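Listed below, chain by chain, are the residues.
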Amino acid sequence: QVQLVESGGGLVQPGGSLRLSCVFSGSVFTIYNMAWYRQAPGKQRELVATITTDGTTNSGDSVKGRFAIFRDNAQNTVYLQMNSLKPEDTAVYYCNGQYIRGGRPPIDYWGQGTQVTVSS
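Residues numbered from 1 in each chain as written. Predicted model: local features only at pLDDT ≥ 70, side-chain atom pairs only at ≥ 80, totals over all residues. Heavy atoms only, no water.

Enquirer: What exactly am I supposed to notice about the packing of aromatic side chains here?
Expert: Two aromatic rings are characterised by how far apart their centres lie and by the angle between their planes. By the definition in use, this model includes 6 aromatic pairs. Summarising the aromatic geometry, the rings of Phe-24 and Tyr-32 are spaced 4.9 Å apart at their centres and angled 55° between planes, so their arrangement reads as tilted. Taken together, the aromatic side chains of Phe-24, Phe-29, Tyr-32, Tyr-99 and Tyr-109 make up a single cluster linked through ring pairs. The ring of Trp-110 has Arg-45 lying over it, and the distance from NZ or CZ to the ring centre is 4.5 Å. Above the plane of the ring of Phe-29 lies Arg-71, whose end atom (NZ or CZ) is 4.3 Å from the centre. (Phe/Tyr/Trp six-rings, centres within 6.5 Å; stacked < 30°, edge-to-face > 60°. Lys NZ or Arg CZ within 6 Å of the ring centre and 35° of its normal.)

Enquirer: So what exactly am I meant to see when it comes to unusual backbone geometry here?
Expert: Note: most peptide bonds trans; most residues except glycine with negative phi. Even without glycine at this site, Asn-76 takes up a positive phi of about 50°. Examined against the element boundaries, Asn-76 turns out to sit in the loop between β7 (67-72) and β8 (77-82). With a phi close to 50°, Ser-84 is a non-glycine residue in the positive phi region. By the element assignment, Ser-84 lies in the loop between β8 and β9 (91-99). Judged by relative accessible area, which is 39%, Ser-84 ranks as partly exposed. (Helix = DSSP H or I, 4+ residues; strand = E, 2+ residues; numbered from the N terminus. Buried < 20%, exposed > 50% of the residue type's maximum accessible area, 1.4 Å probe, protein only.)

Okay, here's the thing in structure tokens:
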């Protein structure tokens, strides 16, 4: 079965940096679109950044210019580099893998989440 395991969360001061990792296993990583989502207490889960199978990236407006998503297909890993962190970035961050099937709904897999806390 597909498994996604996140790591790299922790406590960081405002303005600091953190890199999250998500290791994929159980299927062929290169055919999955990958993404990072986050959910803060009392808020809905929001999309942070996406990267497609061909390497095309997008990010949410709130993190543009500060966060970057990238993937290492040789290591079956997707990363989220977070710079210039703000307190409002505090959330549980989730790794998502999506398999697009022609003419069918996509299949989504989720990691367990990793906590990122930005505070002085």
